[in-house]
Amino acid sequence: MMNFLVKTIANAGALAVAVWLLDKITLTGDSTGKKVGTLLLVALVFGLVNAVVKPLVKLLTLPLFILTLGLFTLIVNALMLLLTSWLADMLDLSFHVEGFWTAVLGGLIISIVAWALHLVLPDRD
């Protein structure tokens, strides 16, 4: 349970950095508390998308991963971020990613920041 909480917090932090750096990734809310709550819920959705959908997409696109020597991961990460944005809209969460190339850059930022946060945060159950 502790590991799940740490990963969710790391995802929320990484999403916050992407929102802060990129104008076309938006998170709106009336107050800071509401934004933090929305960010945590979006991080949960993002974690579920990465846990359920991403492995299936990676399996189905395995030849592209081999052909591009793993660079296709950037595209898959962008698609997972766009799916998270769409699901957030369906769940009435105020998180939106505008455009594919913004999602590519956002996915790259989120991957780097989440990796760095996982190095710093404790990882135990």
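Residues numbered from 1 in each chain as written. Predicted model: local features only at pLDDT ≥ 70, side-chain atom pairs only at ≥ 80, totals over all residues. Heavy atoms only, no water.

## Here we look at the packing of aromatic side chains
Here comes step 1: Tallied over the full model, the rule gives two aromatic pairs.
Here comes step 2: Ring centres of F65 and F72 lie 5.6 Å apart, and the angle between their planes is 85°; on these two criteria the pair is classed as edge-to-face.
Here comes step 3: F72 sits in the buried class, given a relative accessible area of 16%.
Here comes step 4: When the ring of F100 is compared with that of W101, the centres are 5.1 Å apart and the planes differ by 75°; the resulting orientation is edge-to-face.
Here comes step 5: Overall, the relative accessible area of 31% leaves F100 in the partly exposed class. (Phe/Tyr/Trp six-rings, centres within 6.5 Å; stacked < 30°, edge-to-face > 60°. Buried < 20%, exposed > 50% of the residue type's maximum accessible area, 1.4 Å probe, protein only.)

## Digging into the packing of helix α4 (residues 72-90) against helix α5 (residues 100-120)
Here comes step 1: Interaxial distance between α4 and α5 falls to 8 Å at its minimum, and their mutual angle equals 105°. One element, α4, and the other, α5, form an angle in the roughly perpendicular class. For the pair α4 and α5, the contacting residues are L74, I75, N77, A78, L79, L81 and L82 in the first and F100, A103, V104, G106, G107, L108, I110 and S111 in the second.
Here comes step 2: When grouped by side-chain class, the residues that make up the contact of α4 with α5 number eleven nonpolar, four polar and no charged. (Axes fitted to C-alpha atoms, helices over the stretch in contact; angles between N-to-C directions. Helix = DSSP H or I, 4+ residues; strand = E, 2+ residues; numbered from the N terminus. Parallel < 35°, antiparallel > 145°, perpendicular 65-115°, else oblique. Contact = heavy atoms within 4.5 Å. Nonpolar A, V, L, I, M, F, W, Y, C, P; charged D, E, K, R; others polar.)

## Section: α5
Here comes step 1: Taking 1.5 Å per residue, 21 residues should reach 30 Å; α5 reaches 30 Å between its end C-alpha atoms and fits that length.
Here comes step 2: Those residues of α5 lying buried are T102, A103, V104, G106, G107, I109, I110, V113 and A114.
Here comes step 3: On the buried face of α5, the contacting elements are α1 (2-21), β1 (25-27), α2 (32-60), α4 and β2 (95-97). (Expected span 1.5 Å × (residues − 1).)

## A short note on α1
Two residues of an α-helix separated by three or four positions point the same way, owing to the 3.6 residues in each turn.
Here comes step 1: Here α1 contains 20 residues, and its C-alpha end-to-end distance of 29 Å stays within 8% of the 28 Å for a straight helix at 1.5 Å per residue.
Here comes step 2: Those residues of α1 not exposed but buried are N3, V6, T8, A10, N11, A12, A14, L15 and A18.
Here comes step 3: Contacts made by the buried residues of α1 are with β1, α2, α4, β2 and α5.

## A short note on the nonpolar core
Here comes step 1: L15, I25, V42, L81, F95, V97 and I110 are the most contacted members of the largest nonpolar core, which totals 23 residues.
Here comes step 2: At the level of elements, α1, β1, α2, α4, β2 and α5 are the ones that each hand at least two residues to this core.
Here comes step 3: In terms of residues, this core owes the most to one element, α5, which gives six residues.
Here comes step 4: Counting residues in each nonpolar core, the second largest holds six residues, with V49, F65, F72 and M80 among its members. (Core = buried A, V, L, I, M, F, W, Y, C linked by side-chain atoms within 4.5 Å.)

## Things to note about the layout of surface pockets
Here comes step 1: Put simply, the largest pocket is a space of about 350 Å³.
Here comes step 2: Looking at the largest pocket, it is lined by 19 residues, and the ones nearest its centre are K7, N11, F46, G47 and N50.
Here comes step 3: Along the lines of polarity and charge, the residues of the lining of the largest pocket split into nine nonpolar, eight polar and two charged. (1 Å grid on protein atoms, 1.4 Å probe; cavity = no way out; pocket = protein on both sides within 12 Å on 5 of 7 lines; lining within 4 Å. Points joined across faces, edges and corners; volume = space filled by probe spheres on them.)

## Side note on unusual backbone geometry
Here comes step 1: Non-glycine residue L69 carries a positive phi angle of around 55°.
Here comes step 2: Looking at the secondary structure, you find L69 in the loop between α3 (62-67) and α4.
Here comes step 3: The phi angle at D92 is positive, at roughly 60°, despite the residue not being glycine.
Here comes step 4: Relative to the helices and strands, D92 resides in the loop between α4 and β2.
Here comes step 5: What makes D92 exposed here is its relative accessible area of 71%.

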